[in-house]
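A look at the structure
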Amino acid sequence: MSIDIPRAWEIARSVSPEYHHNACSFNVTNGGVLCDCDVIYKHTEYLDKANFYGSHGVIIKRQEQPSRVDCGHCPTSSGCIEVCMKAPSRQSGGL
């Protein structure tokens, strides 16, 4: 999901200026504007698609992962997500 604004400020302030890109707003304004470089965009919390992080890295919200079913029609071992588009429907007497 991502991170909230207070968490983004914590991350931006936690690293030395030399780790920010030269054109990063945080560097250009001496910390006056929030970071807009890889310090934020490549941070593991920012890239985490399943959780929304708040101050101090606390998870504020978790995104539910879609359920997987084994339909027997999909070529992958991971199964289908939610409803299989290839398998017969429950209404037609399939699955």
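Small disclaimer: the values here were computed from a predicted structure and weren't measured.

1. A closer look at the sheet that holds strand S1 (residues 2-3)
Across the sheet, 3 strands lie side by side as S1-S2-S3; this open sheet has mixed pairing. Pairing within the sheet leaves two strands with one partner each, and these edge strands are S1 and strand S3 (59-62). Judged from the 3 bridges that link them, strand S2 (residues 51-53) and S3 form a sheet pairing that is antiparallel. Within S3, the residue paired with Phe52 across the bridge is Lys61.

2. Overview of the pattern of salt bridges
In the structure shown here, the tally under the stated rule is 3 salt bridges. Residues Glu45 and Arg7 are paired through a salt bridge, measuring 2.7 Å at the closest nitrogen-oxygen approach. Of this pair, Glu45 sits in helix H4 (residues 44-47) while Arg7 sits in helix H1 (residues 5-14), placing them 38 residues apart in sequence. Here Glu45 falls in the buried class, since its relative accessible area comes to 12%. A salt bridge links Asp38 to Lys42; the nearest nitrogen and oxygen atoms lie 3.7 Å apart. Look at Asp38 and you get partly exposed, because its relative accessible area is 45%. Linked by salt bridges that have partners in common, Arg7, Glu10 and Glu45 make up one network.

3. Some words on the side chain of Asn27
If you trace the backbone, Asn27 turns up in helix H2 (residues 25-28). In this structure the side chain of Asn27 is engaged in a polar contact, spanning 3.4 Å, whose partner is the backbone oxygen of His20. Excluding anything up to four places from it in sequence, Asn27 contacts Pro17, His20, His21 and Asn22.

Definitions and cut-offs
Residues numbered from 1 in each chain as written. Predicted model: local features only at pLDDT ≥ 70, side-chain atom pairs only at ≥ 80, totals over all residues. Heavy atoms only, no water. Pairing = 2+ DSSP bridges. Helix = DSSP H or I, 4+ residues; strand = E, 2+ residues; numbered from the N terminus. Salt bridge = Lys/Arg side-chain N within 4 Å of Asp/Glu carboxyl O. Buried < 20%, exposed > 50% of the residue type's maximum accessible area, 1.4 Å probe, protein only. Polar contact = N/O pair within 3.5 Å; in protein donor to acceptor, adjacent residues only side chain to side chain. Contact = heavy atoms within 4.5 Å.

The quantities given are spatial measurements derived from coordinates; they are silent on function.
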